[in-house]
Amino acid sequence: TECVSGCVCPEGLFDDGRGGCVEQKDCPCIHNNELYSSGDKIKVDCNTCTCQKGVWKCTDDVCYGTCMIYGSGHYNTFDGKFYDFDGSCEYVATQDFCGDKNSSGSFSIITENVPCGTTGVTCSKAIKMFLGVMKTLSNRSVTPLPAILEVIPEEIQRDVGDDVQYWNRTVGLYLVIEASNGVMLIWDKKTTVFIKLSPDYKGKVCGLCGNFDDKANNDFTTRSGLQETNPLNFGNSWKQSPMCPDVTHEIKPCDLKPHRKSWAEKECSIIQSEVFKICHSKVNPLPFYEACVHDACSCDSGGDCECFCSAVAAYAQECIKAEACVFWRTPDICPIFCDYYN
């Protein structure tokens, strides 16, 4: 219910949507179907919005963009477009080498996807980060993890005289690699990779993570610059080698492994349960629940709990960004043991 003067309230007062009548200055605002009182503040990305006379007034800071790649081929672009793509090849996740072949740029991030499990879905095995001209963040195998992520960004090779600096550090569960050109890569050392870009790259990037122009409806722009509606055609256009086969159909692992479906739905129901209730109005749980069921069905070669935990953690991370902190881990559900920190 919006604040509109009418016959319900006395002249000069407005229906507040809660069964009361208020002055215009006290009109509430609506966000994600929830009412907020005048003066209430919410966080939208890096900006703060304040409810004033029934209208949101927001700061206009330009925010960093984040692309998330996790589990078995799930992508959430810089502009918030959620889709699945199960290709087995190397693909451009994001880069600012866009347009013609002679265009200049300062970075390129490549994801190498390989099959995980027996259903045909793919997971990111390696991330390669190029800084400047042929500056490579290589991936060296450390401790293989179950069927998902076998490598860790460990060293950067740079040409002499290059001025792109970089830093790597561990923050909680995450390994963070940050470059001086405004590019940051964050890895949870398991199945999830975040790519963050400074606002300077708005509208200047391309790849599986979209073009970072605040418009999700044009994120499926192919390597040749055409707009696609089919995620498979879009994803195929960003493969690095023409020798790799195109993805021709969407894989549905729960149909291929129906005996795993009930278990997957039961475990993943936590995303739509009371545990995450505080987040449901801020971040739509449905695509994350569906991705969780997809992953729990597909991880049939070991590491099934790892797939489930990473899928739930991906939703929890989006909730944190929306300022809805959820304590969902328990001794029985995806615990983090103290030994991990020792």
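The structure we're discussing is the one just above.
Note that the coordinates shown come from a computational prediction; the quantities given were computed from them, not determined experimentally.

> What's the story with the state of the cysteines in this structure? I'm lost.
Covalent bonding between the sulfur atoms of two cysteines is what defines a disulfide. The final tally for this structure, using the stated rule, is 11 disulfides. Cys49 shares a disulfide with Cys58; S-S distance 2.0 Å. Where Cys49 bonds to Cys58 through sulfur, the torsion about that S-S bond is close to 110°, and the disulfide is right-handed. Cys58 sits in the partly exposed class, given a relative accessible area of 44%. Bridging Cys309 to Cys334, the disulfide has an S-S length of 2.0 Å. Between Cys309 and Cys334 the disulfide shows an S-S torsion of about -95°. By sign, it is left-handed. Within this pair, whereas Cys309 is found in helix α6 (residues 304-321), its partner Cys334 is found in the segment after α6, the two being separated by 25 residues in sequence. For Cys309, a relative accessible area of 15% puts it in the buried group. In this structure Cys325 is a free cysteine whose sulfur lies 9.4 Å from that of Cys319, the closest cysteine sulfur available.

> So what exactly am I meant to see when it comes to the sheet that holds strand β7 (residues 55-58) here?
The strands that make up a sheet pair up through hydrogen bonds in the backbone, lying either parallel or antiparallel. Spatial ordering of the open sheet is given by β5-β6-β7, a layout of 3 strands whose pairing is antiparallel. If you trace the sheet from one side to the other, it starts and ends with β5 (41-44) and β7, each paired once. Neighbouring strand axes in the sheet, compared pairwise and without regard to direction, differ in orientation by 35° on average. Here β5 runs beside strand β6 (residues 47-52); their pairing, made up of 4 bridges, is antiparallel. When the bridges of β6 are listed, Ile42 appears paired with Cys49.

> Mind showing me how you'd approach the nonpolar core here?
Within soluble globular proteins, side chains that are nonpolar generally end up buried alongside one another. Residues Phe78, Phe107, Ile109, Ile195 and Leu197 are the most contacted members of the largest nonpolar core, which totals 36 residues. Listing elements by their share of this core, those giving two or more residues are β8 (65-70), β11 (90-95), β12 (107-115), β13 (122-131), β17 (174-179), β18 (183-187), β19 (192-197) and α1 (231-237). If we ignore the near neighbours within four places in the chain, the residues touching Ile109 are Tyr91, Val92, Ala93, Thr94, Ile127, Lys128, Met129, Val183, Leu185 and Ile195.

> Is there a simple way to think about helix α5 (residues 286-298) in this case?
Given 3.6 residues to a turn, an α-helix orients residues that are three or four positions apart in the same direction. Taking 1.5 Å as the rise per residue, α5 with 13 residues should run 18 Å; its terminal C-alpha atoms sit 18 Å apart, in good agreement. All of the buried residues in α5 are Phe288, Tyr289, Ala291, Cys292, Val293, His294, Asp295, Ala296, Cys297 and Ser298.

> Just to check I follow, could you spell out the packing of helix α3 (residues 261-268) against α5 for this structure?
In a packed pair of helices, the relevant descriptors are the angle between the two axes and the axis-to-axis distance. Running from amino to carboxyl end, α3 crosses α5 at an angle of 140°, the nearest separation of the two axes being 8 Å. Here α3 lies oblique to α5, going by the angle between them. Two packed elements cross with a definite hand, and for α3 against α5 that hand is right-handed. Here Lys261, Trp263, Ala264, Glu265 and Cys268 of α3 come into contact with α5, specifically with Tyr289, Cys292, Val293, Ala296 and Cys297. Across the contact of α3 with α5, the residue classes tally to 8 nonpolar, no polar and 2 charged.

> Looking at this structure, how should I read the sheet that holds strand β10 (residues 82-84)?
Sheet architecture is open: 7 strands sit in the order β10-β9-β8-β19-β18-β17-β16, paired in antiparallel fashion. Edge positions in the sheet fall to β10 and β16 (166-171), since each has one partner strand and no second. For this sheet, the mean angle separating the axes of adjacent strands, direction not counted, is 15°. Taken together, the 3 bridges between strand β9 (residues 74-76) and β10 define a ladder with antiparallel strand orientation. Bridging across to β10, Asn76 finds its partner in Phe82.

Thresholds, definitions, all that
- Residues numbered from 1 in each chain as written.
- Predicted model: local features only at pLDDT ≥ 70, side-chain atom pairs only at ≥ 80, totals over all residues.
- Heavy atoms only, no water.
- Disulfide = S-S within 2.5 Å.
- Buried < 20%, exposed > 50% of the residue type's maximum accessible area, 1.4 Å probe, protein only.
- Helix = DSSP H or I, 4+ residues; strand = E, 2+ residues; numbered from the N terminus.
- Pairing = 2+ DSSP bridges.
- Axes fitted to C-alpha atoms, helices over the stretch in contact; angles between N-to-C directions.
- Core = buried A, V, L, I, M, F, W, Y, C linked by side-chain atoms within 4.5 Å.
- Contact = heavy atoms within 4.5 Å.
- Expected span 1.5 Å × (residues − 1).
- Parallel < 35°, antiparallel > 145°, perpendicular 65-115°, else oblique.
- Left-handed = near helix turned anticlockwise from the far one by under 90°.
- Nonpolar A, V, L, I, M, F, W, Y, C, P; charged D, E, K, R; others polar.

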